[in-house]
Amino acid sequence: MKVAISHPHGNPNSFHTARAFWEQGWLRAFHTGYAKGKRNNLPTTSMRQYLWWEAASLIGRRLRARGLTSEISWYDVLFCGHDLQVSRRLETKLNAVYTYEDGARLTLEVAKRQGSTKLYELPAGYYLGVVNEMELAVKTTPDIDIQIKHTPAWKQERKDKELELADLVVVPCEWARESLRFSRIDKQKTVIKVPYGTPSDEVSVRLKRPNGPFTVLFAGKVGVRKGVPYLLEAWSQLGLKNARLWLAGGMSLDEPFLRRHCGTVEYLGAMPRTKLLELMKEADLLVFPSLAEGFGLVIGEAMAVGTPVLTTTNTGGPELITDGQEGWCIPPHDAQLLAERIEWAYLHREELFEMGQLARLKAEQWTWSHYRRQLIEKVTPYLKQVSN
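Here we look at the environment of Lys221
Part 1 of the argument: Take Lys221: it is sitting in the loop between β8 (214–219) and α8 (228–238).
Part 2 of the argument: When the C-alpha positions of Lys221 and Glu178 are compared, they lie 23 Å apart, and in sequence the two are 43 residues distant.
Part 3 of the argument: Beyond its immediate chain neighbours, meaning those up to four positions away, Lys221 contacts Lys226, Val228, Gly250, Met251 and Ser252.

Shown next, in the form of structure tokens:
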């Protein structure tokens, strides 16, 4: 079996996907961008690095932050450019190619001509599923100006063509699978779910309960899609004493809205992963109220360090958390329920710390090595079936 993997910047899940196939002896090549320090024990002989498109994207963001044009972001430049380069260098006689949303159309077309099986991962859910959740947010948060960023027509067509070309679709959580109901996907197309792993074999667990003020941490893009307005509304309703809310990540909410929620809310900005992991150990609770999330790696990271998580059912939370044991998974768009769970955590810090210890035990049961084994287990029957 010979398989090629393609992802333009080699995020954790794509590296572990490549490693999964390498451990089977099936990895022919991993096509990616700049990979120094991120190889995850992959042999250099399997790496095919394309640096120009990633460099162009990074430089472009600094020079023209809004994108190459109003309809072409630097993310698009990176993914489309990578796809073009891989499609021109894809080896013949491959049994399969494993690609990712937005960076796959040309590669999948070449794979189809060459007779290779086409595997396609949808890490963030189908785009119209995201739009559906954002439109609901517009109705439920009238005090904030929500500008829904609609996917340009050319990009919609590209995404749908990728999905059409795929023989097998891989998703990381149940919400991502359910979001496909908004697509025109062939009902006979096989869709498999493989949740992303936790880094509990890489990070240390905290040994004692945090001291000082009761601390809630949010980590991610501080915006509507991540459910931050609902979190701020819940926090304002509670008015907790000797408590603080930390927001870690890039900012996309408007300043007037944020000013209404100042005081016990501290915006920390974006930070390196190592610093964020240490910050998680200082927090009593991680709250990740996302409206539409393929998975949310911060959920598994928090659990790995022993911090319980309050998240929504539209994330990878249900794949890792038994509601009420290692944390909570509640419906999205519900500030009242967020407030109720946060208040319970505030009033029961010792029990909350014990939930965090259970979260660590659960994280140990689903590491990246578990992810790799299940990925191979689920794709192998399909690969053998189509290769016979």
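Here the narrative resumes.
Digging into the sheet that holds strand β12 (residues 309–312)
Part 1 of the argument: Ordered in space as β10-β9-β8-β11-β12-β13, the 6 strands form an open sheet in which the pairing is parallel. Each end of this open sheet is capped by a strand with a single partner; those strands are β10 (265–269) and β13 (327–330). Direction aside, neighbouring strands of the sheet carry axes that sit 20° apart on average.
Part 2 of the argument: Note: β8 against strand β9 (residues 243–248), 6 bridges, orientation parallel. Bridging from a neighbouring strand, Val216 pairs with Leu245 of β9.
Part 3 of the argument: Across the face of the sheet, helix α11 (residues 297–305) comes into contact with β8, β11 (285–288) and β12 while running at roughly 170° to β11.

Looking at the packing of aromatic side chains
Part 1 of the argument: All chains considered together, the criterion is met by 14 aromatic pairs.
Part 2 of the argument: Between Tyr75 and Phe79 the ring centres are 4.2 Å apart and the planes differ by 25°, which places this aromatic pair in the stacked class. Linking Tyr75 with Phe79, this pair stays in helix α3 (residues 74–89), spanning 4 residues, or about one helical turn.
Part 3 of the argument: Ring centres of Tyr98 and Tyr100 lie 5.5 Å apart, and the angle between their planes is 50°; this geometry places the pair in the tilted category.
Part 4 of the argument: Judged by relative accessible area, Tyr100 falls into the buried class, the value being 2%.
Part 5 of the argument: Connected via pairs of aromatic rings, a cluster forms that spans Phe21, Trp26, Tyr98 and Tyr100.

A short note on unusual backbone geometry
What you tend to see is this: most non-glycine residues have negative phi, and most peptide bonds are trans.
Part 1 of the argument: Not every positive phi belongs to a glycine, and Asp102 is a case in point at roughly 80°.
Part 2 of the argument: With respect to the element layout, Asp102 can be found in the loop between β4 (96–100) and α4 (105–114).
Part 3 of the argument: With relative accessibility at 4%, the residue Asp102 sits in the buried group.
Part 4 of the argument: Phi is positive for Asn242, which is not a glycine, with a value near 50°.
Part 5 of the argument: Among the secondary structure elements, Asn242 is positioned in the loop between α8 and β9.
Part 6 of the argument: Overall, the relative accessible area of 57% leaves Asn242 in the exposed class.

Reading guide: rules and limits
Residues numbered from 1 in each chain as written. Predicted model: local features only at pLDDT ≥ 70, side-chain atom pairs only at ≥ 80, totals over all residues. Heavy atoms only, no water. Helix = DSSP H or I, 4+ residues; strand = E, 2+ residues; numbered from the N terminus. Contact = heavy atoms within 4.5 Å. Pairing = 2+ DSSP bridges. Axes fitted to C-alpha atoms, helices over the stretch in contact; angles between N-to-C directions. Phe/Tyr/Trp six-rings, centres within 6.5 Å; stacked < 30°, edge-to-face > 60°. Buried < 20%, exposed > 50% of the residue type's maximum accessible area, 1.4 Å probe, protein only.

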